[in-house]
Amino acid sequence: MTDIRDFIRAGRAELKATLIVSGGTLVNVTSEEIYPADVAIYQDRIVAVGDVSDYRGPETEIVDATDHYLCPGMIDGHLHVECSKMSVTSFAKAVVPLGTTSIISGLDQILVVSGLEGAREFLDEAKASPLKIFWGAPCKTPYTLPRSNVGYYFGPDDHLATHSWPECVGIWETVREFVDTMDDDVLAAIELAEKTRLPILGCSPMCRGHKLNSYLQAGVRADHESYDAEEMLEKLRKGMHVVVRESSISHFLTENLRIVTEMGITATGRISFCTDDVVASDILERGHLDNMVRMAIRMGVPPLTAIQMATINGAEALKIANKVGSISPGLAADILLVKDLDDFRVSTVIAKGKLAARKGALVADLPPPPRSTAITKTFKVDRVTRDDLVVRADTADAEIPVLTLAVTPDKIFVRKRRDVTLPVRDGIVEADPAKDVQYVCVVERYGKTRNRPVAFTSGFGLRSGALATSTAPDDNNIVCVGTNPDDMAAAINHIIDNQGGQVVVDGGKVISFLPLPIGGIVSDIEPREMAGKEKALDEAARTLGCALPWPFMYMFVLQITAIPDYAITDLGAIDCVRLKVVDPLKPAA
């Protein structure tokens, strides 16, 4: 680690720059100006901007930026990096060449699997990559209400232990329901954050009026969960930093930015960008934050404003503008070379003071680190049998009314109630593909219980077979959707036997499989290989009848209880409004 005295000397040109970016046009996101300027870098920090001739030495590396604009490295303001199924190393390979140099993540998915040891391994992994991870300490884990079973429960003692971590920048994913129910653990974390001066980062979808006023009493600074422009505008007017989300499955940018393009908001400094959950195939096809900048510009947002939303605005929201977000002396040397601001395609990336990527690829190999058993041996569950997965009914009737968790293509996180009547044979309730009703099961995999509840879902369209995944926020227990217990058991057992993954099974045979051996949630495979396997899984699911645009992403979010109306965890089917377990065979109104 470079001594601050050396940076001070470098700032007055006593120590010469290790790298100079020369001949470019600076996009100054702090003064809102665009003008010619060179940039001098010492080690991983910017030391001068403008005329930097005094900083050039005989060993200074020169990057020619002629005919290019210089933009700050982009910041993803809220990202569950593990939901990409790529390790930190693989994710860096995917997004750094596109201009994303910093992410804010709770690493909550590896936390529930392997605890602080797992999170620490991921943070240390980032240090060896060109990607920065700023860590938000989760308000608590798991986020589920009622509390489901996971490998590690992050609570007040963990906050005490980790607020001093250098990467820690705030309280992450402060779910509104925890504030509304005055959860003791979460309130304790908020009180500690006041002492440690860390911001509270929210999660309050569809929260308005009295609910929002109550929520804001917890001191929540930023929120990434606005489902329409009116909701975002209310949050902005009430003093929040609003984070626009454009994920692989939740497309809110066009709707949210109506507050700028249609509703007259010109004070855009509190509007920033995040992707939340993205996968390799989407990144390689559309891009990452660079795609959000292009989308905003196409909507009519001025390029400089769109770039601010992807850089300085997010840094201000997270209180890290003294570290990243602009091309300024004393800040991290993360600089993008862009030929055309209107089109915004990143041609060269400098990250952590070094040339990191050119023409869409890293300039140097980035091998993954060795992995400990703490994150590679995480399944403590017995294999299942078909009898574990049948739904028994105490009735002599030939059919029975049931509640199903209905998913729809246009609202991935929202599951509505759908009441159907299903056949009963020999005391067993059968799924009915003709009515688009499948079984859904969650298998607790951490050895805390033998929970493996089975309920019903619709919207997946499966005519046969089963899909299963062990990456499934926020618990990462095994989730399986299927038409029959035999294929479901085969799918679940294949994941257990391989220490994690996503799988498609039909007729007892594995049709497609993606191994996820790190925590059962991510892999070190290259982004392009990951994208190919994602597409193979989706295509296999479609051969079984699934017509959803992202079959596995629709399935793996079924455990999230923070968004209405229904979910399923290892406790069973959950009414997300009343926050309690419900019996799908007793569907009270």
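Residues numbered from 1 in each chain as written. Predicted model: local features only at pLDDT ≥ 70, side-chain atom pairs only at ≥ 80, totals over all residues. Heavy atoms only, no water.

## Some thoughts on the domain arrangement of the protein
Reports often express the size of an interface as the amount of accessible area lost when the parts come together. Worth spelling out the cut-off: Boundaries between domains were set according to an automatic or database domain assignment. Here a residue-residue contact requires only that any non-hydrogen atoms of the pair lie within 4.5 Å. Two parts placed together each lose some accessible area under a 1.4 Å probe, and the buried area is that loss summed for both. When a carboxyl oxygen of Asp or Glu is within 4 Å of a side-chain nitrogen of Lys or Arg, the pair counts as a salt bridge. Going along the chain from the N terminus, every DSSP run of H or I of four or more residues is numbered as a helix, and every run of E of two or more is numbered as a strand.
In terms of domain boundaries, the protein breaks down into domain 1 (70-375) and domain 2 (386-581). A C-alpha centroid distance of 28 Å is found between domain 1 and domain 2. Contacts between domain 1 and domain 2 engage 46 residues on the former and 49 residues on the latter. Here domain 1 and domain 2 share an interface that buries about 3,800 Å² over both sides, 64% of which is from carbon and sulfur atoms. Here domain 1 and domain 2 share three salt bridges between them. Two residues, Lys 93 and Glu 526, come together in a salt bridge whose shortest N-O distance is 2.6 Å. Those elements that place two or more of their residues in the side of domain 1 that touches domain 2 are helix 2 (88-95), helix 3 (108-127) and helix 11 (280-286). Among the elements that make up the side of domain 1 that touches domain 2, the one with the highest residue count is helix 3 (six residues).

## Regarding the sheet that holds strand 30 (residues 566-569)
Strand pairing in a sheet relies on backbone hydrogen bonds. The paired strands run either parallel or antiparallel. Defined as follows: Two strands qualify as a pair provided DSSP detects at least 2 bridges between them. Structural elements are reduced to axes, namely lines fitted to C-alpha atoms, with helices fitted over the stretch in contact, and the angle between N-to-C directions of any two is expressed from 0 to 180 degrees.
As summarised here, the arrangement of the three strands in space is 30-31-32, forming an open sheet in which the pairing is antiparallel. On the outer flanks of this sheet lie strand 30 and strand 32 (580-582), each paired with one strand and no other. Recorded for the sheet is a direction-independent mean angle of 45 degrees between the axes of neighbouring strands. Taken together, the three bridges between strand 31 (residues 572-575) and strand 32 define a ladder with antiparallel strand orientation. Within strand 32, the residue paired with Asp 575 across the bridge is Lys 580.

## Considerations on the pairing of strand 26 (residues 466-469)
Note the cut-off: Note on exposure labels: buried denotes an accessible area under 20% of the residue type's maximum, exposed denotes more than 50%, and partly exposed covers the range between, all computed with a 1.4 Å probe on protein chains only.
Every second residue of strand 26 is oriented toward a common face, with Ala 466 and Ala 468 on one face and Leu 467 and Thr 469 on the other, all of them buried. With four bridges connecting them, strand 26 and strand 27 (residues 478-482) associate as antiparallel partners. If you follow Ala 466 over to strand 27, its bridge partner there is Gly 482. Where strand 26 and strand 28 (residues 501-506) come together, four bridges link them in antiparallel fashion. When the sheet's bridge partners are listed, Ala 468 is paired in strand 28 with Val 503.

## Focus: helix 2
Summarising burial for helix 2: eight of the eight residues are buried, a large majority. Of the positions making up helix 2, those classed as buried are Val 88, Thr 89, Ser 90, Phe 91, Ala 92, Lys 93, Ala 94 and Val 95. For helix 2, the elements touching its buried residues are strand 9 (100-105), helix 3, strand 10 (132-138), helix 11, strand 19 (361-362) and helix 17 (527-543).

## Focus: the pattern of salt bridges
Going through the model one piece at a time under the given rule, you end up with 36 salt bridges. Among the ionic pairs, Glu 534 bridges to Lys 85, the shortest N-O distance being 2.9 Å. In this pair, Glu 534 sits in helix 17 while Lys 85 sits in the loop between strand 8 (74-76) and helix 2, placing the two residues 449 residues apart along the sequence. Grouping residues by exposure puts Glu 534 and Lys 85 together as buried. A cluster of three or more residues bridged by salt bridges with shared partners is formed by Arg 120, Asp 124, Lys 127 and Glu 167.

## Quick look at the side chain of His 159
With respect to the helices and strands, His 159 occurs in helix 4 (residues 156-162). What His 159 contacts, discounting residues up to four positions off in sequence, is Ala 137, Pro 138, Cys 139, Phe 154, Ile 171, Ala 189 and Leu 192.

## Comments concerning unusual backbone geometry
With an omega of -5 degrees, the peptide bond between Leu 145 and Pro 146 qualifies as cis. Inspection of the secondary structure assignment puts Pro 146 in the loop between strand 10 and helix 4. In this chain, Pro 473 is followed by Asp 474 through a cis amide linkage whose omega measures 10 degrees. Secondary-structure assignment places Asp 474 in the loop between strand 26 and strand 27. We note that Met 182 has phi near 55 degrees; this positive angle belongs to a residue other than glycine. Position of Met 182 relative to the elements: it lies in the loop between helix 5 (176-180) and helix 6 (184-196). With phi around 55 degrees, Met 206 is a residue other than glycine that occupies positive phi space.

## Brief notes about the environment of Met 299
Within the element layout of this structure, Met 299 appears in helix 12 (residues 289-299). The spacing of Met 299 and Val 260 is 39 residues in sequence and 9.5 Å in space, taken between C-alpha atoms. Excluding its chain neighbours within four sequence positions, the residues that come into contact with Met 299 are Leu 253, Thr 254, Leu 257, Arg 258 and Thr 261.

## Points about the nonpolar core
Here is the rule we go by: Here, nonpolar core refers to any group of buried Ala, Val, Leu, Ile, Met, Phe, Trp, Tyr and Cys residues whose side-chain atoms link them within 4.5 Å.
Phe 91, Leu 257, Phe 273 and Phe 460 are the most contacted members of the largest nonpolar core, which totals 157 residues. In terms of residue count, helix 3 provides more of this core than any other element does, nine residues in total. Membership of the second largest hydrophobic core comes to 33 residues, among which are Cys 441, Cys 480, Ile 492 and Phe 513.

## So, the UniProt feature "domain: Adenine deaminase C-terminal" (unreviewed entry) in the protein
The following threshold applies: UniProt positions are given in the numbering used here, feature names are shortened, and annotations may be inferred rather than shown by experiment.
Feature annotation in UniProt places "domain: Adenine deaminase C-terminal" (unreviewed entry) on residues 414-578, given in this structure's numbering. As annotated, residues 414-578 has a helix share of 22% and a strand share of 34%, and its two end C-alpha atoms lie 15 Å apart.

## Section: the side chain of Arg 415
As a reminder of what qualifies: As used throughout, the charge tally considers Lys and Arg to be positive and Asp and Glu to be negative, leaving His and the chain termini uncounted. Polar contacts here mean pairs of N or O atoms no more than 3.5 Å apart (in protein, one a potential hydrogen donor and the other a potential acceptor; neighbouring residues in sequence count only if both atoms are side-chain atoms).
Along the chain, Arg 415 turns up in strand 22 (residues 411-425). Put simply, Arg 415 is tucked away with no salt bridge, and the nearest opposite charge, on Asp 474, sits 8.7 Å away. Polar side-chain contacts of Arg 415 include one of 2.6 Å to the backbone oxygen of Ile 560. A polar contact is formed between the side chain of Arg 415 and the backbone oxygen of Tyr 566, at a distance of 2.7 Å. If near-sequence neighbours (up to four positions away) are discounted, Arg 415 is found in contact with Ala 406, Val 407, Val 557, Leu 558, Ile 560, Ile 563, Pro 564, Asp 565, Tyr 566 and Ala 567.

## Topic: empty space enclosed by the protein
Inclusion rule: As defined here, a cavity is a set of points on a 1 Å grid over the protein atoms alone where a 1.4 Å probe fits but cannot get out. A pocket is an open set with protein on both sides within 12 Å along at least five of seven lines, and residues line them when an atom is within 4 Å of a point. Grid points are joined across faces, edges and corners, and a volume is the space filled by probe spheres set on the points. When residue character is reported, Ala, Val, Leu, Ile, Met, Phe, Trp, Tyr, Cys and Pro are called nonpolar, Asp, Glu, Lys and Arg charged, and the others, Gly included, polar.
The tally for this structure, following the rule as stated, stands at six cavities of 30 Å³ or more. Counted as a void, the largest cavity has a volume near 170 Å³. Forming the walls of the largest cavity are 18 residues, and the residues nearest its centre are His 80, Glu 173, Glu 225, Asp 474 and Ile 560. Of the residues contributing to the lining of the largest cavity, the split by class is nine nonpolar, three polar and six charged. The computed volume of the second largest cavity comes to approximately 80 Å³. Forming the boundary of the second largest cavity are Lys 85, Val 279, Ser 281, Gln 502, Glu 534, Leu 537, Asp 538, Trp 550, Phe 552 and Met 553. Going through the elements one at a time, helix 17 and helix 18 (551-556) are the ones with two or more residues in the lining of the second largest cavity. At three residues, the largest contribution of residues to the lining of the second largest cavity is made by helix 17.

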